[in-house]
Structure formats: C-alpha cells, structure tokens
Amino acid sequence: MSSGRPRALVVDDEPDICELLAMTLDRMSVEAQTCGDVTSARELLQANSYDLCLTDMRLPDGDGLELVEWMQANGVDTPVAVITAHGNVETAVRALKLGAFDFISKPLDLGGLRKLVDSALRLPQADATPGRARLLGESVVIGELRGMIDKVSRSQAPVHITGESGTGKELVARMIHEQGSRADGPFVPVNCGAIPSELMESEFFGHKKGAFTGAISDNKGLFASAEGGTLFMDEIADLPLAMQVKLLRVIQEKSVRPVGGSEELPVDVRILSATHKNLRELVAAGQFREDLFYRVNVIELHVPPLRDRRDDVPLLTDFLLKRLANEHGIDIPELTPAARARLSGYDFPGNVRELENVLERAVALSGDTPIDVDDIQVQNAPGKSASAAHLLGDQLESVERDAIIKALEETRYNKTAAAKLLGLTLRALRYRMQKLEID
C-alpha cells in the first residue's frame, strides 16, 4: 500500500463484497486492504495504521462484534463500521453500544457507504482543539463526563442525555456535535414540548404547499434542516405516542416523507436527545415506546446536578460574572467572602441556570459595590424543586418589572429619578431594564 491516501481495512469472507468495497473506496481516493477473518484483521490492525475499518458480521472464526470489542479493549481507535443484514436493528444497536462508529446494511447502498466513509475521514484527531462549547469544572464527575463526550463524539450512535433542568444538557449535545465528524454541518436544537401536537409532523418532516390550510409554501422541516449534521431533540419525553411511531420509522429508514408529499426523501442526520424525565419509567407506564427508547438510548450520558459538584461553583461563578460584565459593558463585579460562602452552601435545585439567574439579580442589587451576602437571594428549602425555583424566578421578575415601570411612569421616565425612587444606582436600573426588556 502506498502512502499519501487514506487507508481502509475491509474484513469480509465474500470475495465479491471485498472487490465491490475496494472499488468504491478507490473511487473515493481511499486505499483498501482486505482480509477474510477476525484473526487476520487483528494482526493487520496491530501492524498497520488505518483511517477506517469495515467489517462484516458473519466471519469464519467469529463475528464483527467480537472485532469491535477487541478494538475497544486494545486501544485501537480506528473508526469501525459493521455491515449488518437488512432490518437487523438489534445487531446494529449492539454494534453501536460496543463502540462501532456506524453501521451499514446489506444489500450495500453505495451512496450511504460514501457518506459513512466521508464521516469517518472527517473525524478530528483525539488531540484536536475542542469545539466552541465548553463544559466548565474541575470536579471528578465533570472530568468523567468530558471523557465520555470525547468517546461518543467519535461515533454516529444516537446519544440520550439525562439530567435535571438547568444542568447543561444542550451544552453537552453541542460539544458532541462540535467534536465529531459532523462539526461542519448544522446543529439544529428543538424543544419537543414546545411544538403543538397538530403541527409536529409538519415541523419535523416538512410539508408541501397546499398540504393543509395555512401551508402557503413548501417547508423542508427540521430533519432536512439538519442534513449532514445533528438534530438535538430536547425533552423528547414530551412527544405524543403517534409522533413516536413516526420518529422511530424515520430513524430506521433514514428517510422522511413531507406532509402532502408522495416521495420518501433520504436524510443523513445524527440524533441526540435529552430529557429531565425518567424514560425507563415512562416506558413502564406505557407513555414512551420501548422500541424507540432502545433506538435513541443507544448511549446514555448523565449530566450531574450542581449540588453533586459543589467544588465547581466558584469557577462557574467567576465565569458567569465575566460574561455578565461583557454583555452589559460593566466592570467585573466582585464577591465578598460571605457571598461566596452562601453560594457554596446552597443546593441550587435549578442548577447552573439558577446560579446564572442568582448572579444576575445580585449584580443589579449590589450596584457599584461588591456583591455581598444580602445580594445573594437564595434559601435552601426542603423539597424545593427546580421547577419551583424557576416559577419563583418568573414571579419575582414580573413583580420587579411592574415596580420599575411604575417608578418610570411616576418620574416621567427620568431614569435618574426613577433609580433614586427605587433605591438603586442608575447603572443597576439600566441593567435591570435591559434584562427585563423594558424600553
């Protein structure tokens, strides 16, 4: 084999398949070496460096899954794709769980094979610069999560991200996207709970002009918008059962049919999903389809709550204060030791999102002076949930908005006078007006 071109190892005991794959790879400027059994594949992988490995499932001395397991156990980080029998979903899922990069079914679709090879060759090296999204923290649990993100980023397997509200599940999804082979493609996030059920099919799969009342033009839908990239389905537990059936079909067939359309359109999208609910419990209760659960939950990542990584609170606090200062054009606020102690001792049921809200409010209350303990408006309460904390935050903002508007009206929109009336500095008033979108 000559150097200069990407190299692939093809493992299949059928000469015709080996020849077809070698010819297809050659047209993609990829050199192919072939072998017909697991033993030979292991020897070649130990002796040579490859950019991709394609292995059949049934081999004379074992199967493709055994080869995938051996590669993972022996630190061979070559992306490996398994060739499965058509419709054998269980084998495909097992391959992905064991660490396979992707899978392709027989009879081989050469277009799909080309996309798979392209994705494998676009994988960044293990020491490549990470993407824009960053997961801050020095705790053990965050270090472990970063390691898992690095691992799953080098795969095409569906990943399900669990964790409480406000922990940063979308951030984790962005990191997986940005560190993988689809980084140059779109990242399309969607909150499944925010789409009315009657519009769901149209939003996900698109529609043709005139398909229903109000369809005044074609709409390509979220799957087509994520073509070549990643579709992040947040709060996937909120999908109605009827939509779950249709989503399962799209994942299995890798194609969509727009509402009002007559043809299936192929889609090349990686599915990432998340929810703060327990999908296993929903499956047991009959509220989430078991077959869909096993397709989206091939790999599960858990994002820990902030109370389980309290050592990260100071680092996150400093980062968020710098960001607030940049956003609002102010000096980076200081925190007194007492204020830091209160933050470190709080449970944060709303997690990182609540920490950000607490700091925003503290910056407004402190004015031009360092943030002190009284500016940190938190109180641990038994049974206080993240949703309750979120609700409380909404209520406080509503009261605050009304008070500011009333003060502005009483002073005929003289901000200096309104700030004095409210007992705030002018800077603090301007900050709160901007935050609450008061013109």
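Just above, that's the structure.
The rules we used
- Every chain is numbered independently, its residues counted from 1 as its sequence is written.
- Reporting in this predicted model follows two pLDDT cut-offs: at least 70 for local features of residues, and 80 or more for side-chain atom pairs to be given and counted; totals over whole chains, interfaces and linings ignore these cut-offs and use all residues.
- Just so you know, side-chain values use all the structure's heavy atoms and leave hydrogens and water out.
- Strands qualify as paired when DSSP identifies two bridges or more between them.
- Comment: elements are numbered from the N terminus, with helices defined as DSSP H or I runs of at least four residues and strands as E runs of at least two.
- Throughout, an axis means a line fitted to C-alpha atoms (over the contacting stretch in the case of helices), and angles, computed between N-to-C directions, take values from 0 to 180 degrees.
- Note on definitions: a residue-residue contact is assigned when non-hydrogen atoms from the two residues lie within 4.5 Å.
- Expected span, for any helix, means 1.5 Å times one less than how many residues it has.
- A simple rule labels every residue: compare its accessible area, found with a 1.4 Å probe on the protein chains alone, to the largest value its type can have, and call it buried under 20%, exposed over 50%, or partly exposed in between.
- The rule for a salt bridge is simple: a side-chain nitrogen of Lys or Arg has to be within 4 Å of a carboxyl oxygen of Asp or Glu.
- Residues belong to one nonpolar core when they are buried, are Ala, Val, Leu, Ile, Met, Phe, Trp, Tyr or Cys, and are joined through side-chain atoms within 4.5 Å.
- Looking down the strands as they point away from the viewer, one classifies a crossover as right-handed if the path from the first strand across the helix to the second runs clockwise.
- By definition in this entry, angles of less than 35 degrees are roughly parallel, angles greater than 145 are roughly antiparallel, angles of 65 to 115 are roughly perpendicular, and the rest are oblique.
- Crossing handedness: left-handed means the near helix sits turned counterclockwise from the far one by under a right angle, and right-handed means the same turn made clockwise.
- Lys, Arg, Asp and Glu make up the charged group, whereas Ala, Val, Leu, Ile, Met, Phe, Trp, Tyr, Cys and Pro make up the nonpolar group; the residues left over, Gly among them, are polar.
- Note on aromatic pairs: the rings of Phe, Tyr and Trp (six-membered ring only in Trp) are paired at centre separations within 6.5 Å, and the planes decide the class, stacked below 30 degrees, edge-to-face beyond 60, tilted for the rest.
- Remark: a charge is flagged as sitting over a ring if the NZ atom of Lys or the CZ atom of Arg is within 6 Å of the ring centre and within 35 degrees of the ring normal.

Student: Help me understand the sheet that holds strand β3 (residues 52-56), please; the structure alone is not making it clear to me.
Tutor: Within a sheet, each strand pairs with its neighbour through backbone hydrogen bonds, oriented either parallel or antiparallel. If you walk across this open sheet you meet the five strands as β2-β1-β3-β6-β7, and the pairing is parallel. The outermost strands of the open sheet, each flanked by one partner alone, are β2 (31-35) and β7 (102-106). Adjacent strand axes in the sheet meet at a mean angle of 20°, parallel and antiparallel pairs treated alike. When strand β1 (residues 7-11) meets β2, the two strands line up parallel, connected through five bridges. Bridged to Val10 within β2 is Thr34. Where helix α1 (residues 15-27) meets the sheet, its contacts fall on β1, β2, β3 and β6 (80-85), and the angle it forms with β1 comes to roughly 165°.

Student: Where do I start with α1 in this structure?
Tutor: Helical geometry note: an α-helix holds 3.6 residues per turn, so side chains three or four residues apart project in the same direction. For α1, spanning 13 residues, the distance from its first C-alpha to its last is 18 Å, which sits close to the expected 18 Å at 1.5 Å a residue. Where α1 is buried, its residues touch β1, β2, β3, β6 and α5 (110-121). Positive phi appears at Ser29, one or two residues downstream of α1, with a value of about 60°.

Student: Just checking my understanding: could you explain helix α18 (residues 426-435) for this structure?
Tutor: If you check which residues of α18 are buried, you get Ala428, Leu429, Tyr431, Arg432 and Met433. Of the residues one or two after α18, Glu437 is the one with positive phi, at around 55°.

Student: Any chance you could explain the pattern of salt bridges here in plain terms?
Tutor: Once the charged atoms of two side chains with opposite charge are near each other, the side chains can pair. For the coordinates displayed, the defined rule picks out 18 salt bridges. Between Glu14 and Lys106 there is a salt bridge; the shortest N-O distance is 3.5 Å. In this pair, Glu14 is assigned in the loop between β1 and α1 and Lys106 in strand β7, connecting sequence segments 92 residues apart. A relative accessible area of 37% places Glu14 in the partly exposed class. The class for Lys106 is partly exposed, based on a relative accessible area of 22%. A salt bridge links Glu170 to Arg174, with the shortest nitrogen-to-oxygen separation between them at 3.2 Å. A residue pair is termed a helical-turn pair when its members lie 3 or 4 positions apart in one helix, as Glu170 and Arg174 do in helix α7 (residues 169-178) at four residues. The structure contains a network of salt bridges with shared partners spanning Arg5, Asp26 and Glu31.

Student: Where do I start with unusual backbone geometry in this structure?
Tutor: Here the residue pair Lys106 and Pro107 is connected by a cis peptide bond, since its omega of -5° sits within 30 degrees of zero. Along the chain, Pro107 falls in the loop between β7 and α5. Notably, Glu235 is not glycine yet its phi reads approximately 50°, a positive angle. Mapped onto the fold, Glu235 is located in the loop between β10 (230-234) and α10 (241-253). With a phi angle near 50°, Phe348 is a residue other than glycine that sits in the positive phi range.

Student: Whenever I open this one, the environment of Gly36 confuses me. Can you help?
Tutor: Relative to the helices and strands, Gly36 resides in the loop between β2 and α2 (38-47). Placed 23 residues apart in sequence, Gly36 and Asp13 show a C-alpha to C-alpha distance of 4.1 Å. The residues touching Gly36, leaving out its near neighbours within four places in the chain, are Asp12, Asp13, Leu59 and Pro60.

Student: What's the story with the nonpolar core in this structure? I'm lost.
Tutor: If you look at soluble globular proteins, the nonpolar side chains tend to sit buried side by side. Within the largest apolar cluster, 30 residues are counted, with the highest numbers of intra-cluster contacts made by Phe204, Phe223, Leu231, Met233, Ile236, Leu239 and Leu247. Broken down by secondary-structure element, the contributors of at least two residues to this core are β9 (187-191), α8 (200-205), α9 (221-225), β10, α10, α11 (279-284) and α12 (290-296). If one sorts the elements of this core by residue count, α10 sits on top with five residues. Contacts of Leu247, omitting those with residues within four sequence positions, involve Phe205, Phe223, Met233, Ile236, Leu239 and Leu292.

Student: Help me out: how do you make sense of the pairing of β1 in this one?
Tutor: Where a strand is regular, its side chains alternate between the two sheet faces. Of all five residues in β1, five are buried; the element is thus mostly enclosed. At this point the chain moves from β1, through α1, to the parallel β2, and the crossover so formed is right-handed.

Student: Sorry, what's going on with the packing of α2 against helix α3 (residues 64-73) here?
Tutor: In a pair of packed helices, the angle between the axes and the distance between the axes together describe the arrangement. Contact pair α2 / α3: the axes reach a minimum separation of 10 Å and the direction vectors enclose 25°. With respect to their mutual orientation, α2 and α3 come out roughly parallel. The element α2 and its partner α3 pack so that their crossing is right-handed. Across the interface between the two elements, Val38, Ala41, Arg42, Leu45 and Gln46 from α2 touch Leu67, Trp70 and Met71 from α3.

Student: Sorry if this is basic, but what is going on with the packing of helix α17 (residues 415-422) against α18 here?
Tutor: The N-to-C vectors of α17 and α18 enclose an angle of 100°; their axes lie 9 Å apart at closest approach. Considered as vectors, α17 and α18 are oriented roughly perpendicular to each other. Across from Lys415, Thr416, Ala418, Ala419 and Leu422 in α17, the residues of α18 making contact are Leu426, Leu429 and Met433. By residue class, the composition of the contact of α17 with α18 is six nonpolar, one polar and one charged.

Student: Where do I start with the packing of aromatic side chains in this structure?
Tutor: For any two aromatic rings, the description comes down to two numbers: the centre-to-centre distance and the angle of the planes. Summed over the entire model, instances satisfying the criterion amount to six aromatic pairs. Ring geometry for Phe187 against Phe232: centres 6.1 Å apart, planes inclined by 20°, an arrangement best described as stacked. Taken together, the residues span a long stretch of sequence, with Phe187 in strand β9 and Phe232 in strand β10 at a distance of 45 residues. You'll find Phe187 and Phe232 in the same group, each marked buried. One aromatic cluster is present, formed by Phe204, Phe205 and Phe223 through successive ring pairs. Residue placement shows Arg7 over the ring face of Tyr50; its charged tip is 5.5 Å from the ring centre. Geometry around Phe103 places Lys254 over its ring, the cationic atom sitting 4.9 Å from the centre.

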